[in-house]
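Single-letter residue listing:
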Amino acid sequence: DPFVQASFNLDGVVCVCDASNFAAMEGGGAGGNGDPAAAAGEDVARLLREQLSISDVCLLNKCDLVDSAQRDALGHRIHELSPSIKVVPCRHGKVNLGQVLKL
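Residues numbered from 1 in each chain as written. Predicted model: local features only at pLDDT ≥ 70, side-chain atom pairs only at ≥ 80, totals over all residues. Heavy atoms only, no water.

Enquirer: Quick one: what's the story with the side chain of Glu-26, residue by residue and with numbers?
Expert: Within the fold, Glu-26 resides in helix α2 (residues 22–27). At 2.5 Å, the side chain of Glu-26 forms a polar contact with the side chain of Arg-77. Excluding residues that lie within four positions of it along the chain, Glu-26 makes contacts with Ala-45, Leu-48, Arg-49, Arg-77 and Leu-81. (Helix = DSSP H or I, 4+ residues; strand = E, 2+ residues; numbered from the N terminus. Polar contact = N/O pair within 3.5 Å; in protein donor to acceptor, adjacent residues only side chain to side chain. Contact = heavy atoms within 4.5 Å.)

Enquirer: Tell me about the sheet that holds strand β1 (residues 14–18), and please be specific about residues and values.
Expert: Read across the sheet, three strands follow the order β1-β2-β3 without closing on themselves; strand pairing throughout is parallel. Edge strands, defined here as strands with exactly one partner in the open sheet, are β1 and β3 (86–89). The sheet shows a mean angle of 25° between the axes of neighbouring strands, direction not considered. (Pairing = 2+ DSSP bridges. Axes fitted to C-alpha atoms, helices over the stretch in contact; angles between N-to-C directions.)

Enquirer: Residue-level account of helix α4 (residues 68–81), with values.
Expert: End to end, α4 covers 20 Å across 14 residues, agreeing with the expected 20 Å (1.5 Å per residue, within 8%). By the burial criterion, the buried members of α4 are Leu-74, Gly-75 and Ile-78. Seen from one end, α4 has its buried residues packed into an arc of 100°, which puts them on one side. Exposed residues on α4 whose side chains face more than 90 degrees from its buried face are Ala-69, His-76 and Glu-80. Among the residues of α4, the N-terminal cap falls to Asp-67, whose side-chain oxygen and the backbone nitrogen of Ala-69 are separated by 3.2 Å. (Expected span 1.5 Å × (residues − 1). Buried < 20%, exposed > 50% of the residue type's maximum accessible area, 1.4 Å probe, protein only. Arc of directions from axis to C-beta.)

In structure tokens:
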């Protein structure tokens, strides 16, 4: 939209990932064999990787539902998928806006 392009500047892209379900979502549908649920899982996994690849910041939400070792492993995995991304752990959707705004 030309009006939007003229009126706003894109500072960065932020995505939100669910720490408690990230591994299951990234794994996609391991079953295969024409299973529609497996195909949908592969689509979700691909979408997750695509969103991370274009994002500047990943809000890793629901960190209260995983232990610190899992949280750290998720941060490392996200950096493997997108080396330049900034991972910001969050609990209950709360985040310091200074870590997200004015990228």
